[in-house]
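# Structure assessment
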Amino acid sequence: MATIHQFAPVISQGDGVSGSVFFIRTLLRSLGYSSDIYAWKSADELSGKVFPLNQFDSNSCDLLLVHHSMGHELEDWLHSTTCRRILVYHNITPSRYFQPDSNEYYYANKGREQLRQWRPLFSGAISVSPYNRADLEDAGYKDTAVMPLLVDLKKFEGGIVPPKASWRHRENEILIVSVGRFVENKRQHLLLEAFWHLRRMYTDQPARLVLVGGVTSHKYHHQILARICELRLEHEVTLTGKCPDAQLHWLYKNATLMWCASEHEGFCIPLVEANFYSLPVISFATSNIPDTLGESGLLIEDTCPISMASTTVSLLRDAALSKSLVRAGSKNLQRYTVDTLLPGLRSYLEERGIRP
Amino acid sequence: MFVRNNPNIDFDALENEVNARIETYKQGLNPHEVPEYDAERLQRARLDMTQLQHTNVEGGLDLLYTLEDRDFVYYAYNYFLGRPPTEQEAATRTQRLRSGANKTRIACELRYSDEGKNKNENVSLKKELIAYKLISLPVVGRFFEILSIIVSLPTLRTVSQARANHEYRLMESLKTEINLKNQQLGELANSMQEQEQKLKALKSGLADALEALDESQKAIASSRARLSLLEQKQSTTPRIEQAPLSMEVATYTDDSLYVAFEEKYRGSPDNIRERLGYYLPFLKDALNSAATKTSRTVVDVGCGRGEWLNLLKENGFEAVGIDTNLHNINSCREHGLTVHHEDAIAWLARQEDESLGCICAFHVIEHLDFSQLNYFIDHALRCLCPGGLILLETPNPENLLVGTNTFYLDPTHVRPLPPGLMDFLLSYKGFHKVTLHRMHPVAADLMIHEQTEVARRCNQLFYEAQDYAVIGIKP
């Protein structure tokens, strides 16, 4: 049986790259490959599922999938591996979105540099979106393929728990959810402004904006909190922090729609999750978002919070529009299911001579 | 506006709808209501965690340890227990912090409390908890505390140095900010001073302009007066000589009948005196002004029973009454008043130019037709000296009960004269500073006592001033 292992510097629970690594392992195993995950660091609760790097043996590995989403210091280890390697590229947030004196800034730059330097190490590269493929081509990669090996919707099959929140959801309350870390390029401040306008344009029902996500930039998080106070939205905006799947499950089930104001997304998994939960999406049309959403979602070309608010009012008042979006969402979702992805992955691997 | 990514959506219609709503919305939007997103300003803003207690802020332990005092307590409760503290809890925990309690210790208490245990499986403060438990042990606890202090001394030193450095930088940035604000304040003060000076200059300019305007108005009125007199000389003077107009009102009725009629409807003499008192100050002003040096004589046209003449006499005015009713004339003479039994217009036409200080006519002009009224006003203007005053009181047809009913009680009334007409006529003829005075509203207890728009309007139309006076000054 051929062996295809995966490597990522850090594996945790709840982030996009870790989710993708586990999803690929499921796909590989279902194709009949032997497959494990190796990481320099992983969350305590993942012990037994993720193995430390010193247990990795190049000789017993036919192919190593190397996930890359940020620079790191494990170059030596990577060079020490002798098996065949393929890069799985998840996009690196450009360093201009980070503070120049921050770690994120340093590793974002380093990650892009490594992308260029490592080209000879890989026999091929998979990008998870067309937007990411452009990065790979810029860095000189020739053999590239696009496979959105990202979204394991089975994770929502578990329990459903309301988030730890100090508000009680009411039946008629409009719940607008946005999922993403607090960092400058996610632009949650535009969502606050859009929500401020929405509350003035639409008074038919009470409404709440729920911002889900951990904090990457404490500076930006501070600004968001101060902005909530400034706009007097403290009773209508909830910050849940990073939510476990069961809580996310509850939020998606109870939400009315999803907003996204992000300026830079290599893929943006929450948009596909919204498709899965039949949530209409309103987003600014940036980076890979139009491709991820396909025909689903209303994509606003100008970055204007008032436009987002007004579009939301139209959506709330037009049941037919909402239905169209949900229908398009279900169709879009098919692009990311196991049944769709498996044949592509199988032929990709077989073309490279790696059969189960 | 939208990426046209779905053929099943009518994007044209959607765009129109969205844009139309934005258009309407922007019209009612005060742009200052939404302060601009200013990252630097927000970065400097102090977070009020009491205000944010319903926002369920999740910023992790990093944010928690940067907060102080009540903010720390509110955030810690939200973070570990998913709820804000009660007033009592907030007060107690804050007090402990103020007495020097360690933030980590309070965080441990909340994290490992019965309420917090199940909610924070992902947050581990085990090391901190062990340290805090050891320190809490009797006797040896003190030893562990000292030990932990010794162990943490290097870290403490680093932290305190970092803090000192941070505070120094904070102080520096505050100093810079204060200097900047001071500079801005100075600029503002200067600009205010400039504005004040400009305002002063404007005020003085305005006063000059007003004075000039007053002068111009006087000049216009004077021109009108001269024009009016010229017109009169050309067209009406022959009529005085050839066919003098008469304002006699009782030629076709009996004098005694009219006296009885007036007795019934005009009110008691005391009541009338009281009402007339209102006008005395205007006469005093006019006759005391420098302009009326030439004559201080007051003429009461249609003096009736002499109530006004009496009042004038009591107040030291030199007054003459004219009336055609013999009963009234006799009554006045009995009271020692100077009166002439004569047609007022004929009498006025005989007077010399600028020979009178004041001409009054109470309830007379409504007895004249329009040509008589014109003639009367023209002669009044001619006979008054500069600065002299004309005072005409007549029923007010703005009050509908007056205009439609009581006005016609007197069969000798010709037509009601609306205030607007008299105001215009005096100004047009050349009088200056023409003012209207609405007098004698119906007694308040007769009005409709309701706070409604209908009641207000009805009171205005039916119970407002029953008479009005028009007063003008000869330039």
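Residues numbered from 1 in each chain as written. Chains lettered and ligands numbered in written order. Predicted model: local features only at pLDDT ≥ 70, side-chain atom pairs only at ≥ 80, totals over all residues. Heavy atoms only, no water.

For the rest of this paragraph, the subject is the overall build of chain A. In terms of helices and strands, chain A carries 12 helices and 13 strands. Of all intrachain contacts in chain A linking residues separated by at least 6 positions in sequence, the fraction that spans at least 24 positions is 70%. Only carbon and sulfur atoms are counted for the fraction: they give 47% of the accessible area of chain A, which is about 13800 Å². (Helix = DSSP H or I, 4+ residues; strand = E, 2+ residues; numbered from the N terminus. Contact = heavy atoms within 4.5 Å. Areas by Shrake-Rupley, 256 points an atom, 1.4 Å probe, with all protein chains shown as cover.)

Moving on, we come to the pattern of salt bridges. Under the defined criterion, the tally for this structure stands at 37 salt bridges over all chains. Notably, a salt bridge pairs B:D12 with B:R4, separated by 2.9 Å at the nearest N-O pair. Using a relative accessible area of 47% as the deciding quantity, one classes B:D12 as partly exposed. Using a relative accessible area of 47% as the deciding quantity, one classes B:R4 as partly exposed. A network of salt bridges, in which partner residues are shared, links A:E193, A:R227, A:E230, B:D38 and B:R41. (Salt bridge = Lys/Arg side-chain N within 4 Å of Asp/Glu carboxyl O. Buried < 20%, exposed > 50% of the residue type's maximum accessible area, 1.4 Å probe, protein only.)

What follows concerns the packing of aromatic side chains. In this structure the tally under the stated criterion is 17 aromatic pairs over all chains. Ring plane angle 55° and centroid distance 5.6 Å describe the contact between B:Y278 and B:F282, whose orientation is recorded as tilted. Its relative accessible area of 36% is what places B:Y278 among the partly exposed residues. Lying over the aromatic face of A:W196, A:R200 brings its terminal NZ or CZ to 3.6 Å of the ring centre. (Phe/Tyr/Trp six-rings, centres within 6.5 Å; stacked < 30°, edge-to-face > 60°. Lys NZ or Arg CZ within 6 Å of the ring centre and 35° of its normal.)

Residue and element names in this part refer to chain B. Averaged over all residues, the pLDDT of chain B equals 83, while 86% of them reach at least 70. Of all secondary-structure elements in chain B, the lowest mean pLDDT belongs to helix α10 (residues 237-242), at 40, while strand β7 (residues 467-473) reaches the highest, 95. Note on residues 236-245: pLDDT under 50 across the span, and 15 contacts to partners over four residues away in sequence or across chains. Interface scoring of the predicted complex returns ipTM 0.86; its pTM is 0.55. (pLDDT = per-residue confidence, 0-100.)

Residue and element names in this part refer to chain A. Mapping H249 onto the fold places it in helix α7 (residues 245-254). Here the side chain of H249 touches G159 through a polar contact of 3.4 Å, landing on its backbone oxygen. Excluding residues within four positions of it along the chain, H249 makes contact with F156, G158, G159, I160 and Y277. (Polar contact = N/O pair within 3.5 Å; in protein donor to acceptor, adjacent residues only side chain to side chain.)

On to the packing of helix α10 (residues 305-317) of chain A against helix α1 (residues 11-27) of chain B. α1(B) packs onto α10(A) with a crossing angle of 120° between their chain directions and a minimal axis gap of 9 Å. The orientation of α10(A) relative to α1(B) falls into the category oblique. The handedness of the crossing between α10(A) and α1(B) is right-handed. Contacts between α10(A) and α1(B) pair A:I306, A:S307, A:S310, A:T311, A:V313, A:S314 and A:R317 from the former with B:L14, B:E17, B:V18, B:R21, B:I22, B:Y25 and B:K26 from the latter. A class-by-class count of the residues in the contact of α10(A) with α1(B) yields six nonpolar, four polar and four charged. (Axes fitted to C-alpha atoms, helices over the stretch in contact; angles between N-to-C directions. Parallel < 35°, antiparallel > 145°, perpendicular 65-115°, else oblique. Left-handed = near helix turned anticlockwise from the far one by under 90°. Nonpolar A, V, L, I, M, F, W, Y, C, P; charged D, E, K, R; others polar.)

Turning next to the sheet that holds strand β12 (residues 281-284) of chain A. Residue and element names in this part refer to chain A. If you trace the six strands from one edge of the open sheet to the other, you get β10-β9-β8-β11-β12-β13, paired in parallel fashion. Strands with a single pairing partner mark the edges of an open sheet, and in this sheet they are β10 (237-241) and β13 (298-300). Between one strand and the next, the sheet's axes are offset by a mean angle of 20°, whatever the strand orientation. Alignment of strand β11 (residues 257-260) against β12, held across three bridges, turns out to be parallel. In the strand pairing of β12, C260 is matched with S283. (Pairing = 2+ DSSP bridges.)

A word on the packing of helix α5 (residues 87-98) of chain B against helix α6 (residues 103-111) of chain B. Residues and elements named next belong to chain B. Relative to each other, α5 and α6 sit at 150°, their axes nearing to 10 Å. The angle between the axes of α5 and α6 places the two elements in the roughly antiparallel class. At the point where α5 passes α6, the crossing takes the right-handed sense. Contacts from R93, R96 and L97 of α5 reach α6 at K103, R105, I106, E109 and L110. Its residues assigned to classes, the contact of α5 with α6 comprises three nonpolar, no polar and five charged.

This part takes up the pairing of strand β1 (residues 297-301) of chain B. Residue and element names in this part refer to chain B. In terms of residue burial, β1 counts as a mostly covered element, since five of its five residues are buried. Covered by surrounding structure in β1 are T297, V299 and V301 together with V298 and D300, the residues of both alternating faces. Of the pairings in the sheet, the one linking β1 to strand β2 (residues 318-323) comprises five bridges and is parallel in character. Paired with V299 across the strands is V320, a residue of β2. Note that β1 and strand β4 (residues 356-362) share four bridges and pair parallel. Along β4, the bridge assignment pairs V299 with I359.

One finds A:L192, A:F195, A:L209, A:V237, A:W259 and A:L298 to be the most contacted residues of the largest nonpolar core, which totals 53 residues. Among the elements that make up this core, the one with the highest residue count is helix α5 (residues 188-201) of chain A (eight residues). If we skip the residues at most four places from it in the chain, A:L209 touches A:I176, A:L191, A:L192, A:F195, A:E236, A:V237, A:T238 and A:W259. Counting 34 residues, the second-largest nonpolar core is a separate cluster that includes B:L356, B:A361, B:L368 and B:L373. (Core = buried A, V, L, I, M, F, W, Y, C linked by side-chain atoms within 4.5 Å.)

Further remarks concern a nonpolar patch on the surface. Residue and element names in this part refer to chain B. Judged by side-chain polarity, I130, L134, L137, V139, V140, F143, L147 and V151 come together as a nonpolar surface patch covering roughly 750 Å² of accessible area. Looking at the nonpolar patch, the elements with two or more residues in it are α8 (126-136) and α9 (140-235). The leading source of residues in the nonpolar patch is α9, at four residues. Here F143 shows up in helix α9. (Patch = residues over 30% accessible without salt bridge, like charges linked within 9 Å, V, L, I, M, F, W, Y side chains within 5 Å.)

Our focus in this paragraph is the sheet that holds strand β5 (residues 384-395) of chain B. Residues and elements named next belong to chain B. With mixed pairing, the seven strands of this open sheet are ordered in space as β3-β2-β1-β4-β5-β7-β6. With one partner strand each, in any of the chains shown, β3 (339-341) and β6 (432-439) form the two edges of the open sheet. Ignoring strand direction, the axes of neighbouring strands in this sheet form an average angle of 15°.

On to the interface of chain B and chain A, then. Each partner contributes to the interface: chain B provides 44 residues, whereas chain A provides 53 residues. Among the residues of chain B in contact with chain A, B:Y25, B:Y37 and B:Q51 are the three that bury the most area, contributing 15% of the side total. Applying the counting criterion to the chain B and chain A interface returns one salt bridge. A:E230 is the partner of B:R41 in a salt bridge, and the nearest nitrogen-oxygen pair spans 2.2 Å. Applying the counting rule to chain B against chain A returns 13 residue pairs in polar contact (both at pLDDT 80 or more). (Buried area = accessible area lost by both parts, 1.4 Å probe.)

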